[in-house]
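Architecture at a glance
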Amino acid sequence: MAEGLSTFEAAVQLNLSEYTVRDYVSAIMQKMNVKNRTEAVAKAIREGLI
């Protein structure tokens, strides 16, 4: 997410299905209690995760 890849691009790079990546991203955002990918990346940076 931090690199700005689309779900499809991340799936290709990780050799996973696009649907799997979508589900992983949704789970991450839910656990982080954020509304979108941008907010997730910003929160991860603030908390020193990336």
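Quick look at the structure, then.

Rules used in this analysis
- Residues numbered from 1 in each chain as written.
- Predicted model: local features only at pLDDT ≥ 70, side-chain atom pairs only at ≥ 80, totals over all residues.
- Heavy atoms only, no water.
- Axes fitted to C-alpha atoms, helices over the stretch in contact; angles between N-to-C directions.
- Helix = DSSP H or I, 4+ residues; strand = E, 2+ residues; numbered from the N terminus.
- Parallel < 35°, antiparallel > 145°, perpendicular 65-115°, else oblique.
- Left-handed = near helix turned anticlockwise from the far one by under 90°.
- Contact = heavy atoms within 4.5 Å.
- Nonpolar A, V, L, I, M, F, W, Y, C, P; charged D, E, K, R; others polar.
- Buried < 20%, exposed > 50% of the residue type's maximum accessible area, 1.4 Å probe, protein only.
- Arc of directions from axis to C-beta.
- Polar contact = N/O pair within 3.5 Å; in protein donor to acceptor, adjacent residues only side chain to side chain.

**Brief notes about the packing of helix 2 (residues 18–32) against helix 3 (residues 37–46)**
Between helix 2 and helix 3, the least distance of the axes is 10 Å, while the angle of their chain directions is 60 degrees. When the axes of helix 2 and helix 3 are compared, the pair comes out oblique. Between helix 2 and helix 3 the crossing geometry is left-handed. Between helix 2, through V25, M29 and M32, and helix 3, the contact on the second element is made entirely by R37, A40, K43 and A44. Of the residues that constitute the contact of helix 2 with helix 3, the class distribution is five nonpolar, no polar and two charged.

**A few points about helix 3**
Residues of helix 3 that are buried: A40, V41 and A44. Down the axis of helix 3, the smallest arc covering the buried residues is 95 degrees, so these residues share one side. Exposed residues pointing more than 90 degrees away from the buried face of helix 3 are listed as T38 and R46. Two to three positions downstream of the cap, the backbone nitrogen of T38 sits 3.1 Å from a side-chain oxygen, assigning the N-cap of helix 3 to N36.

**Quick word on the environment of V21**
Of note, V21 is situated in helix 2. Dropping the residues within four chain positions of it, V21 is found in contact with T7, A10, A11 and L16.

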